[in-house]
Amino acid sequence: MTFEENSADILHADTQTALDRAAASTHRHEALFSDRAFHIKQSAVRDVFDISIRPGLVSLAGGSPYLRSLPLADLGETVRRIVAEQGLESLQYGAGQGTEELRRQACEVMAAEGITDADPADIVITTGSQSAQDVAAKVFCNPGDVVLCEDPTYVGALNAFEAYEVELQPVPMDADGLVPEALEACIATLREQGKSIKMLYTIPSFNNPSGITLAAGRRQRIVDICKAANILILEDNPYGMLRFDGMPLTPLRAGNPDDVLYLGSFSKIFAPGVRVGWALVPRHLHRRFYLACEAVVLCPSPLSQMLVSAYLRDYDWMEHIRASRLLYAARCASMLAALTEYLPDGVSWTVPDGGFFVWLSLPEGLDTYPLLHEAIDAGVVFIPGAAFTPSDEPSNKLRLAFSAVSEEDITEGVRRLAPVLRRAVDAAGH
C-alpha cells in the first residue's frame, strides 16, 4: 500500500486541526466551539495505530501489552460468573471512588514496588491513568499555568494538558533520566518570567517514548527540588513492574506522601481494554480530586473493577508479570540486535531496562515525520518523535515498540526500516 493511499490518515496533527477548523467554519455551529476545543489535537499515535492494523505491515508503533499469554478462556468464565452471580452489583451504578476491594488490591500492587504506606481511603479508581491526567490538569491548572514534563514524554498526557490551555515546558533528560540541574534552571527561568508552575509530570520508569529510567540516585533529589518550589509531582508509573530483572526501582511517591500524586494502571500489567487505573492522592488534595473524577465519570465501571479484582484475587498475577518480563526482555534483545545488525552509522538508540520502547536518534537536522511515509511503503510503521514533545519543531527521533510483536517480526520490521533510514542519513551527507 502506497503513501498516497494512506496520506489522508497520517496528516500532521497541526495540519489536521487547521483542516478541521476550515471545514467547520462553513457551519454556524463553528462559533459555538470554546477556545479550549482548538487545543485538542489529533493524536499522531492514534493515526498510526489505525494504519498499523492493516494486513502486511509490521507495526513497531503500538505500545500494547501482549495479551495471548493471559488465560482468556478462564477469564471469560470469570466474567460470566460475575454477571450471573453478582449482576445486580456489577451492572449497576457504583461508588464514585471505586470499590473498596480494588482500592485495597491497588495498595498491594504498589507495595510490590516499594510504596508500603498507601491507604485505600486515599485512592480513587479511574478510567485508566489517562483520565487521571485530565482530572489533575482540571483541578490544578488555570489557563497559562506551567506544567513541566520530560522531553520526550507521553503524547496522551500532552494532549490532556494542552486541552486545558496550560504551557508545557520540557525539561531535558540524559541516559539517567531527568537532569536535576536542568530542572532547577528551568524553574528559576520560569519564575523570573513570572510564570506559575503547578506540576511536574514524569514517567520515571521506562519513559514513554524513550525507555529511559530515572536513576535511583536522582529520584529523591527531583522530589526535593519540586518540594522547595511548591510544585506537585504527577508520577505516572504504568510500566514500573515490568523491569526486566524483576527488581523495580522505588517510585518517587514512596516516602513522599504529601508531594507526589501517583498514577497506576492495570493496562500494562493486565489488560488495557478494562480501562481501569488508580490515583493515590495526597490526603490534603484527595477530596477535590475525587469530586472532579466523579463529575466526569460518575463512577468507574463496576463490572470492569470486579473483573480486575477477580484477576488479582483468583489468578497468579505475579507469575503473569514474571512471564511478561521474560517475554519483553527477549523481544527487546531481539530489537537491539536487529538495530545493531541493520541500521547505518549515525543512528543511535536507547537501551531500556524494562517497559515497551526503544528511542532512536538520527543525525541532527533530519525530520523523521516524512520518513514515516517511506516506511509505510516499505511495510513497517513507527511513531515519529515530534508526537512526544510540546515543541512544534521537527524531530530527528522516532519510537519503536517491541512489546506486542514477535521476535521474528521485530527483526523483519527493523530490516524493512533500515533502508529508509540509510537513505535519509546518506542524503543529509552524514
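Everything discussed here concerns the structure shown above.
Parameters at a glance
- Residues numbered from 1 in each chain as written.
- Predicted model: local features only at pLDDT ≥ 70, side-chain atom pairs only at ≥ 80, totals over all residues.
- Heavy atoms only, no water.
- Helix = DSSP H or I, 4+ residues; strand = E, 2+ residues; numbered from the N terminus.
- Salt bridge = Lys/Arg side-chain N within 4 Å of Asp/Glu carboxyl O.
- Buried < 20%, exposed > 50% of the residue type's maximum accessible area, 1.4 Å probe, protein only.
- Pairing = 2+ DSSP bridges.
- Contact = heavy atoms within 4.5 Å.
- Axes fitted to C-alpha atoms, helices over the stretch in contact; angles between N-to-C directions.
- Arc of directions from axis to C-beta.

Colleague: Would you mind showing me how to read unusual backbone geometry here?
Modeller: Omega for the peptide link from Asp-151 to Pro-152 comes to 15°, which places this bond in the cis form. Within the secondary structure layout, Pro-152 lies in the loop between strand E3 (146-151) and helix H7 (155-162). In this structure, Pro-209 follows Asn-208 across a cis peptide bond, with omega equal to 25°. Within the secondary structure, Pro-209 is located in the loop between strand E6 (197-202) and helix H9 (216-228).

Colleague: What should I look at first to understand the pattern of salt bridges in this one?
Modeller: Side-chain pairing between opposite charges can occur once the charged atoms of the two side chains come close. Under the defined criterion, the tally for this structure stands at 17 salt bridges. Where Glu-167 meets Lys-195, a salt bridge forms, and the shortest distance between an N and an O atom there is 2.9 Å. Here Glu-167 is found in strand E4 (residues 167-174), whereas its partner Lys-195 is found in the loop between helix H8 (180-192) and E6, with 28 residues between them in sequence. Between Arg-423 and Glu-374 there is a salt bridge whose closest N-O contact spans 3.6 Å. In this pair, Arg-423 sits in helix H14 (residues 407-427) while Glu-374 sits in helix H13 (residues 368-378), placing the two residues 49 residues apart along the sequence. With a relative accessible area of 32%, Glu-374 lands in the partly exposed category. Among the charged side chains, a network of salt bridges with common partners joins Glu-101, Arg-313 and Asp-314.

Colleague: Looking at this model, I keep getting lost on the environment of Val-179. Mind explaining?
Modeller: Within the fold, Val-179 resides in the loop between strand E5 (177-178) and H8. Sequence spacing of Val-179 and Thr-116 is 63 residues, and the spatial spacing of their C-alpha atoms is 27 Å.

Colleague: What is the right way to look at the sheet that holds strand E9 (residues 277-280) in this model?
Modeller: Backbone-to-backbone hydrogen bonds pair the strands of a sheet. The strands run either parallel or antiparallel. The strand order across the open sheet built from eight strands is E2-E9-E8-E7-E6-E3-E4-E5, with neighbouring strands paired in mixed fashion. For this open sheet the edge positions go to strand E2 (123-126) and E5, each flanked by a neighbour on one side alone. Contacting E3, E4, E5 and E6, H8 runs over the sheet at an angle of about 155° to E4. On top of the sheet, helix H10 (residues 286-297) reaches E2, strand E8 (260-265) and E9; it is set at about 20° to E2, its chief contact.

Colleague: Mind showing me how you'd approach H9 here?
Modeller: Structurally, the α-helix is built with 3.6 residues per turn, so residues lying three or four positions apart point the same way. Buried within H9 we find Arg-218, Arg-219, Ile-222, Val-223, Ile-225 and Cys-226. Take H9 and look down its axis: the buried residues cluster within an arc of 160°, on one side only. Across from the buried face of H9, at angles greater than 90 degrees, the exposed residues are Gly-217, Lys-227 and Ala-228. Here the buried face of H9 lies against E4, E5, H8, E6, strand E7 (232-236) and E8. Phi turns positive, to about 55°, at Asn-230, one or two residues after H9.

Honestly, it's all geometry; don't read function into it.
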